Amino acid sequence: LGYFVSVFAFCLLVLRVIRGGDEIKFVPSLAVMTGLLLAIGGVVVLIFFIHHIADSLQITTIIGSIVHDTVEAVERLFPEEMGRAAESDERADVWQAAADQRWLKIPALKSGYVRSVDTDAALEFAGENGLILRMEIGIGQFAGRGGSLLALTHDGENEDFDLVDDEERVKKLNRIFSIDNRRTIEQDIGFGIGQIVDIALKALSPGVNDTTTAITCVDFLGVIVGEIARREFPPKVRAGKNGGRVIVATPDFGEYVETAFDQIRISGKANLAIFEHLLQAITFVAECTHDGFRHDALLKQIDLTEEFASSTLETEYEKEKVRLKAVDARKVFEPII
């Protein structure tokens, strides 16, 4: 579109300087030739544009684009940490404060989804004021105007801190959060997973009944959750250089697994292909990690899939196929158990 508009604007400018009459004739030959070449190039661009649009509307292209962006977000976010992991004594102080001290709730000044958090600003504010901050709303969650955005309390060494509402303080803390009407994948991995799940749910709806697309979604969800399974989750208590501490609100591995597979399993009622590919995806994810807690979350998904398949599939043949697939999936966990 930019190319077409540019060529049109260029040709109008050239047309303006062309003169003809009895006294003087002026034709900028080089500019006219350039305009002609650009117009021929426009034919090539038009063909490319039509091909690009046709390709971009393919469901596999759309899914692939979401998967690419989500995997990039996983690779970018998990190495990045808010400050450093708090030491054991610092974590003990924080959890003690959480249990014993009064927390001041900071309200959100507008409604919307939390798209990103300025982690450096949060730690700096906590350190400068001798505070412990606790995020009440995580990235990707909806914050209603007036609802709790985060909470703060003194760190035990600064008990004189005035825990009362302050308009400037509320505004400054709200600026730490980027809130908008739409979610983005940039810091919100769950949004990327949710988009693919939505495509699968639409494909499984009675009006569409497109099992192939749903299977594609399940397979790629296994890829995304597998990437997450390979990553080390940072502790929820983070500490800054100046002593500030923040309790972050982030999903754990089990929540990502549930987001990816629960709704599809329920919507895939009585669909043998969906149950089989769910078990394949879970098996792949299990091979990506040796963490016992993460294996527990995956084993739960296998049990749920087998149970739901047994109650919804109509023939013993289909139920037996799922049972055998579940047995094979559990073999991945045997060296760990």
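As a reminder, the structure under discussion sits directly above these lines.
Residues numbered from 1 in each chain as written. Predicted model: local features only at pLDDT ≥ 70, side-chain atom pairs only at ≥ 80, totals over all residues. Heavy atoms only, no water.

Visitor: What is the right way to read the overall build of the protein from this model?
Guide: In terms of helices and strands, the protein carries twelve helices and nine strands. Of the contacts formed within the protein by residues at least 6 apart in sequence, a portion of 76% connects residues at least 24 apart. Accessible surface, the protein as shown: approximately 18,800 Å² in total, 56% of it carbon and sulfur. (Helix = DSSP H or I, 4+ residues; strand = E, 2+ residues; numbered from the N terminus. Contact = heavy atoms within 4.5 Å. Areas by Shrake-Rupley, 256 points an atom, 1.4 Å probe, with all protein chains shown as cover.)

Visitor: Sorry, what's going on with the pairing of strand 6 (residues 148-154) here?
Guide: Along a regular strand, successive side chains alternate from one face of the sheet to the other. The buried fraction of strand 6 amounts to six of the seven residues, a majority that puts the element mostly inside the structure. One ladder, built from four bridges, connects strand 2 (residues 104-107) with strand 6; its direction is antiparallel. Bridging across to strand 6, P107 finds its partner in S148. (Buried < 20%, exposed > 50% of the residue type's maximum accessible area, 1.4 Å probe, protein only. Pairing = 2+ DSSP bridges.)

Visitor: Would you explain the environment of V17 in this entry?
Guide: Checked against the element boundaries, V17 lands in helix 1 (residues 2-17). Linking V17 and P28, residues eleven residues apart in sequence, is a C-alpha distance of 7.9 Å. Those residues in contact with V17, other than ones at most four positions away along the chain, are F26 and P28.

Visitor: Before we go on, may I ask you to explain the layout of surface pockets in this structure?
Guide: Rolled over the atoms, a probe sized like a water molecule indicates the empty space that remains. Roughly 1,000 Å³ of volume is contained in the largest pocket. Forming the walls of the largest pocket are 32 residues, and the residues nearest its centre are I139, Q187, A249, T250 and P251. Every element with two or more residues in the lining of the largest pocket is listed here: helix 3 (59-77), helix 7 (189-204) and helix 9 (253-267). The dominant element in the lining of the largest pocket, judged by the number of residues it contributes, is helix 9, at three residues. Looking at the lining of the largest pocket residue by residue, the classes come out as 14 nonpolar, eight polar and ten charged. (1 Å grid on protein atoms, 1.4 Å probe; cavity = no way out; pocket = protein on both sides within 12 Å on 5 of 7 lines; lining within 4 Å. Points joined across faces, edges and corners; volume = space filled by probe spheres on them. Nonpolar A, V, L, I, M, F, W, Y, C, P; charged D, E, K, R; others polar.)

Visitor: Quick question: what am I supposed to make of the nonpolar core here?
Guide: One recurring pattern in soluble globular proteins: nonpolar side chains tend to sit buried together. With 52 residues, the main nonpolar core has I189, I193, I228, F253, F261 and I264 as its most contacted residues. The set of elements that each furnish at least two residues to this core consists of helix 3, helix 7, helix 8 (211-229), helix 9, helix 10 (272-287), helix 11 (292-312) and helix 12 (316-330). Not counting chain neighbours up to four residues away, the residues in contact with F253 comprise V225, I228, A229, F233, V285, R294, A297 and L298. Ranked by size, the runner-up nonpolar core spans 24 residues in total, among them A108, L131, L149 and V170. (Core = buried A, V, L, I, M, F, W, Y, C linked by side-chain atoms within 4.5 Å.)

Visitor: When you look at the packing of aromatic side chains in this model, what are you seeing that I'm missing?
Guide: Two aromatic rings, taken as a pair, are described by how far apart their centres are and by the angle between their planes. Using the criterion set out here, one finds four aromatic pairs in the structure. With 6.4 Å between their ring centres and 75° between their planes, Y3 and F4 make a pair best called edge-to-face. Residue classification places F4 among the partly exposed positions, given a relative accessible area of 31%. Summarising the aromatic geometry, the rings of Y113 and F142 are spaced 5.2 Å apart at their centres and angled 75° between planes, so their arrangement reads as edge-to-face. On the criterion of sequence distance, the pair formed by Y113 in strand 3 (residues 112-117) and F142 in strand 5 (residues 142-143) is long-range, its members being 29 residues apart. Cation over ring: R294 sits above F253, and NZ or CZ is 5.4 Å from the ring centre. (Phe/Tyr/Trp six-rings, centres within 6.5 Å; stacked < 30°, edge-to-face > 60°. Lys NZ or Arg CZ within 6 Å of the ring centre and 35° of its normal.)

Visitor: Mind showing me how you'd approach a nonpolar patch on the surface here?
Guide: A surface patch of nonpolar side chains, about 720 Å² in accessible area, is lined by F8, L12, L15, V17, I18, F26, V27 and V32. Ranked by residues supplied to the nonpolar patch, first place goes to helix 1 with four residues. With respect to the helices and strands, the residue L15 is situated in helix 1. (Patch = residues over 30% accessible without salt bridge, like charges linked within 9 Å, V, L, I, M, F, W, Y side chains within 5 Å. Salt bridge = Lys/Arg side-chain N within 4 Å of Asp/Glu carboxyl O.)

Visitor: Where do I start with the pairing of strand 7 (residues 177-180) in this structure?
Guide: A one-sided burial pattern is seen for strand 7, the buried positions being F177 and I179 and the unburied ones S178 and D180. The pairing of strand 3 with strand 7 spans four bridges and is antiparallel. The partner of V117 across the bridge, within strand 7, is F177.

Visitor: Whenever I open this one, the pattern of salt bridges confuses me. Can you help?
Guide: Pairs may arise between side chains of opposite charge once their charged atoms sit close together. Considering all chains together, one arrives at 15 salt bridges under this definition. The partner of R230 in a salt bridge is E227, and the shortest N-O contact between them spans 2.8 Å. Overall, R230 belongs to the partly exposed group, its relative accessible area being 45%. When salt bridges that share partners are traced, they join E316, K319, E320 and R323 into one network.

Visitor: What is the right way to look at unusual backbone geometry in this model?
Guide: Excluding glycine, residues mostly carry a negative phi; peptide bonds, for their part, are mostly trans. The phi dihedral of N209 is positive, around 55°, even though this residue is not glycine. One can find N209 in the loop between helix 7 and helix 8. For N209, a relative accessible area of 57% gives the class exposed. For A270, which is not a glycine, the phi torsion comes out positive at approximately 65°. Positionally, A270 belongs in the loop between helix 9 and helix 10. For A270, a relative accessible area of 39% corresponds to the partly exposed category.

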